[in-house]
Amino acid sequence: MDDLLKIRGLKINFYLGTQVITAVDGFDLDIGRGEVVVLAGESGSGKTVSALAITRILPRNARVVDGSIIFDGQDLLGLDIRQLRAIRGKDISYVFQEPSSYLNPVYTVGDQIMEAIRLHQNKTKQEAYAQTLKLLEAVKIADPARVAFSYPHQMSGGMNQRAFIAMSLASRPQLLIADEPTTALDVTIESEILQLLLTLKDTLGFSLLFITHNLTIARRIADRVAVMYQGKIVETAPVESIFTDPKHFHTKELISAYEQIGRI
Amino acid sequence: MAGYIGRRLLGLVPLLLGITLLSFFMIHLAPGKPTVLQDSMNPKISLDVRNRLEKLYGLDKSLPAQYFLWMQRLLKLDFGRSLGDDRLVMEKIMERMPVTLSINILSMVVLFLIAIPLGIQCAVKEGTFFDHAWTILLFLLFAAPTFWLALLLMQFFGITLGWLPISALKSLDYEYFTWWQKIGDLARHLFLPILVSAFGSLAGVSRYMRSNMIETLQQPYMYTARAKGLPEQTVIYKHALRNAILPIVTIIGLSIPGLLGGSVIFESIFALPGIGRLFYEAVMMRDYPLIMAEVVIGAVLTMTGNLIADIAYAYVDPRIRYKK
Amino acid sequence: MNKTLIIGVVIIGFFTLIALLAPFLSSYKPSDMDQTHMLMAPSAKHLLGTDSLGRDILSRMMYGARISLTIGLIAVGIATILGLILGSLAGFYGGFIDSLIMRFTDIMLCFPTFFLLLAAVAFLESSIFNIMVIIGLTSWMGPARLIRGEILSLKEREFIQAERALGASHFRIIAVHLIPNALGPVLVNATLGIAAAILLESGLSFLGLGVQPPVPSWGNILIESKSTLGIAWWITLYPGLAILLTILGFNFIAEGLKQKIGGF
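These numbers come from a predicted model, not from an experiment. (Residues numbered from 1 in each chain as written. Chains lettered and ligands numbered in written order. Predicted model: local features only at pLDDT ≥ 70, side-chain atom pairs only at ≥ 80, totals over all residues. Heavy atoms only, no water.)

### Side note on the overall build of chain C
And step 1. Broken down by element type, chain C carries eleven helices and zero strands.
And step 2. Considering only C-alpha atoms, chain C reaches an extent of 75 × 45 × 30 Å along its principal axes.
And step 3. Here chain C holds 264 residues, and 54% of them are scored as buried.
And step 4. Taking the contacts inside chain C whose residues are at least 6 apart along the sequence as the reference set, 71% of them involve residues at least 24 apart.
And step 5. Working note: accessible area of chain C is about 11200 Å², and carbon and sulfur atoms make up 70% of it.
And step 6. Averaged over its 16 positive side-chain charges, chain C has a centre that lies 4 Å from the centre of its 14 negative ones. (Helix = DSSP H or I, 4+ residues; strand = E, 2+ residues; numbered from the N terminus. Buried < 20%, exposed > 50% of the residue type's maximum accessible area, 1.4 Å probe, protein only. Contact = heavy atoms within 4.5 Å. Areas by Shrake-Rupley, 256 points an atom, 1.4 Å probe, with all protein chains shown as cover. Lys, Arg positive; Asp, Glu negative; His and termini not counted. Charge placed at Lys NZ, Arg CZ, Asp CG, Glu CD.)

### Observations regarding the arrangement of the chains
And step 1. Among the two pairs of chains in contact, the pair with the most contacts is chains B and C.
And step 2. Note that chain A does not reach chain C: the shortest distance linking a C-alpha of one to a C-alpha of the other is 16 Å.

### Digging into the packing of helix H11 (residues 256-269) of chain B against helix H12 (residues 275-285) of chain B
Residue and element names in this part refer to chain B.
And step 1. In the contact formed by H11 and H12, the axes pass within 7 Å of each other and the chain directions differ by 80°. Here H11 lies roughly perpendicular to H12, going by the angle between them. Contacts between H11 and H12 involve Leu260, Ser263, Val264, Glu267 and Ser268 from the first element and Ile275, Gly276, Arg277, Phe279 and Tyr280 from the second.
And step 2. Of the residues contributing to the contact of H11 with H12, the split by class is five nonpolar, three polar and two charged. (Axes fitted to C-alpha atoms, helices over the stretch in contact; angles between N-to-C directions. Parallel < 35°, antiparallel > 145°, perpendicular 65-115°, else oblique. Nonpolar A, V, L, I, M, F, W, Y, C, P; charged D, E, K, R; others polar.)

### Topic: the sheet that holds strand S8 (residues 207-212) of chain A
All names here are of chain A.
And step 1. In spatial order, the strands read S6-S7-S8-S3-S9-S10; together these six strands make up an open sheet with mixed pairing. Edge positions in the sheet fall to strand S6 (92-95) and strand S10 (232-238), since each has one partner strand and no second. When the angles between neighbouring strand axes are averaged without regard to direction, this sheet yields 20°.
And step 2. Bridging between strand S7 (residues 175-179) and S8 involves five bridges; their strand directions are parallel. Bridging across to S8, Ala178 finds its partner in Phe210.
And step 3. Seen against the sheet, helix H7 (residues 157-168) touches S6 and S7 and runs at an angle of roughly 175° to S6. (Pairing = 2+ DSSP bridges.)

### Points about the interface of chain C and chain B
And step 1. Counting from both sides, the interface comprises 40 residues of chain C and, opposite them, 49 residues of chain B.
And step 2. In total, about 3900 Å² of surface goes out of reach between chain C and chain B, with carbon and sulfur atoms giving 83% of it.
And step 3. When residues of chain C are sorted by the area they lose upon contact with chain B, Cys110, Phe115 and Phe123 of chain C head the list and together hold 21% of the total.
And step 4. Counting every contact that joins chain C to chain B gives zero salt bridges.
And step 5. Counting every contact that joins chain C to chain B gives six residue pairs in polar contact (both at pLDDT 80 or more).
And step 6. If you list the elements that add at least two residues to the side of chain C that touches chain B, you get helix H4 (95-110), helix H5 (113-123), helix H9 (170-206) and helix H11 (233-261) of chain C.
And step 7. Counting residues per element, the side of chain C that touches chain B draws most heavily on H11 of chain C, which supplies eleven residues.
And step 8. For the side of chain C that touches chain B, the per-class residue count stands at 29 nonpolar, seven polar and four charged. (Buried area = accessible area lost by both parts, 1.4 Å probe. Salt bridge = Lys/Arg side-chain N within 4 Å of Asp/Glu carboxyl O. Polar contact = N/O pair within 3.5 Å; in protein donor to acceptor, adjacent residues only side chain to side chain.)

### Notes on the nonpolar core
And step 1. Counting 162 residues, the largest nonpolar core has Trp70, Ile93, Met213, Phe270 and Ile291 of chain B together with Phe114 of chain C as its most contacted members.
And step 2. Sort the elements by how many residues they give to this core and helix H4 (residues 89-124) of chain B lands first, with 14 residues.
And step 3. When residues no more than four places from it in sequence are discounted, the contact partners of Ile291 of chain B are Phe279, Ala282, Val283 and Arg286 of chain B together with Ala119, Ala122 and Phe123 of chain C.
And step 4. In this structure, Ala163, Ile193, Ala237 and Val239 of chain A belong to the second largest nonpolar core, which totals 91 residues. (Core = buried A, V, L, I, M, F, W, Y, C linked by side-chain atoms within 4.5 Å.)

### Quick look at the sheet that holds strand S4 (residues 62-71) of chain A
Residues and elements named next belong to chain A.
And step 1. Here we have four strands laid out as an open sheet, ordered S2-S1-S4-S5, and antiparallel in their pairing. In this open sheet, the two edge strands, each paired with only one partner strand, are strand S2 (19-32) and strand S5 (74-75).
And step 2. Relative to S2, strand S1 (residues 3-16) is paired through eleven bridges, and the arrangement is antiparallel. Bridging from a neighbouring strand, Phe14 pairs with Ile21 of S2.
And step 3. In the packing of helix H1 (residues 47-54) onto the sheet, contacts are made with S1, S2 and S4, and the angle to S1 comes to roughly 115°.

### A few points about the confidence of the model for chain A
And step 1. Per-residue confidence for chain A averages 91 on the pLDDT scale, and 98% of its residues sit at or above 70.
And step 2. Summarising per-element confidence for chain A, the mean pLDDT is lowest in helix H11 (residues 249-263) of chain A (77) and highest in S6 of chain A (96). (pLDDT = per-residue confidence, 0-100.)

### With respect to the pairing of strand S9 (residues 224-229) of chain A
All names here are of chain A.
And step 1. Most of S9 sits inside the fold, with six of its six residues counted as buried.
And step 2. A two-sided burial pattern is seen for S9, the buried positions comprising Arg224, Ala226 and Met228 on one face and Val225, Val227 and Tyr229 on the other.
And step 3. Counting the residues between successive antiparallel strands, the hairpin from S9 to S10 contains two residues, one of them, Gln230, with a positive phi of roughly 45°.

Right under this line is the structure:
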């Protein structure tokens, strides 16, 4: 398959005073064009850090020390910060866990979406505003104008996450990285958001890297599943075979956890 | 928002009553009781002064009647006449107010112009040599008495270098100056007082700004801003700054008591005709009506400052502004 | 012990020692005048010079240390005890008592401390005793609020609930359990309070309204400094440095204690 993203031997260190902690070591992952890959693993296994490392938006005290991240034919780790910024938000976008705290509380939702549009597209304010309304409609928001003029604290988590998705897709990225985007939401809202992501993926044709600790979601949306354990990718398999023939013990653990939830 | 302001205003009523009551009891601290004969022997208060105070505050009446009289006078902003020159206390204060106000406002501007960028830079460069050096420097500045700094600066700029005048508001030949010269003259006289006054709060405000900024830089929406592809300058000065600077507006209101207290000291050092120096003179001369007026006005200004701080914060923070 | 705390303790220990041993360390009496040696620059005979009455600055500063430290300690002692009593009453009983005490605290906080001090020395008299008491009476509000907050949060903890269930008296709960547990933050606050009180006293004395000459205090040695600017820099420099170092010492102790107890 023609790979959009090819990560090999990624290693990430955290620096705490004089201590060096290796959070990720041995992270290999491929994502094809239009493919949905679910990255699963318990919390603290290094999923989020690995995702942030792709466009190098890591915390200050974390650094990629080894490996390669080939995106669309070029190694992102070899790019300088200016070249990387041109890719962030344009070719690779993110959706995060808690929409209400990942949106800036002092700017309206509309302002934040317009900022994303005008950063990567040469548009006037009016054009950007018109596109903002269209984007909000595309994520199934009923009254886009009202939402555009609202502050994040005035809206529900579900609405914020829709608006966030609209913002992330503003410049038609090739890869959307969704880091537990539904964990903070109600089950019904979660289902709606998942459906929305799948629909948008089909119409816009992006690849989706979906991070979760919940294998139920993997079964519903994934083409392939990668399982992460203690900073390593320990198993990658098509979604059908991961449930029927798990190889790594942690995959089995995750599956049994999922089956227990299913039973309740 | 309107409801919020209304609630806050209502909360002022008990505070105001408390201020009038407490200041009322203060009057009774004045030495000597009218009924005791030895009063004339008390070197600190002559019989004549005692009689005037008795008349002003109705000290021969019952306590409730006295308090009623005091309240009545306060409502009319009538603090009586100065024991020194028999002029109306309120008039004396009002003519001194502009000097104190303008110095404090200007020093506040200078303070924010230095402290905010400094705090931001220290936060952005947290843990670097720049940050450590400023931490130590500001710790020293924080420990230095303001009036001592004033003396050192007077020594350096006024005497060693001879660049700036070290006292008063105007030169003696001010009246003969052209318009431009007058402005220049005032600026030269005000330079040190404003600098010193700003220095007094520099350490506190810039440290506060630094810690706000450090906290904001760790907020989740900082990741969003970077993930969008924004340049670091925009991430910091648009997305972080707006959030980190909000609480700073409250400082303007909350620093009023400190500024008033500071005014007494540096208006005295620089011989500036403001209400601080007026207070100092009143204390030296035991001008009780003037002292009482300063205390009450100081308390009301502080209370108003707190109110403005709260409202300003509510206004700049949309999370509070749009709450019912 | 951390480094900050040690530096602070060393500085304050140094000044305390000087204050205690002032009569043995000083080669002159603080009020001894010497008309033949007025405004002498620092020399072997007068290490820190003399003032306009020919008094030895070093000796005056040694005795001044006694005054400044005593005023700081006693004023803060008064403020802390008052704060402990009012704060714990408010925090423990809640309801009407709480709102009464806290309203009174709010009212007191409206009066600028320095204004109250000035008014008090005008109405009463500026003796050392009065200054200590007045600073104490005008700075208990901070400790009171702090203690109330601590007690409110402690009150809900299990061991206090258990005491209550066992029928312990109110006084016993407050004195034996609540106050000792709230002591850490109070100690830090008191240390900062000593610094603030010394600053207040020095400002007041500098204006000629505090400690009255011939009794020396660091603030009142500085009274002469404005009239001797350009003639006798040592009168300005040394007492100010002493104040600065003392404040610094107390601030270091507070900072060190804070680190030791854990942030709050």
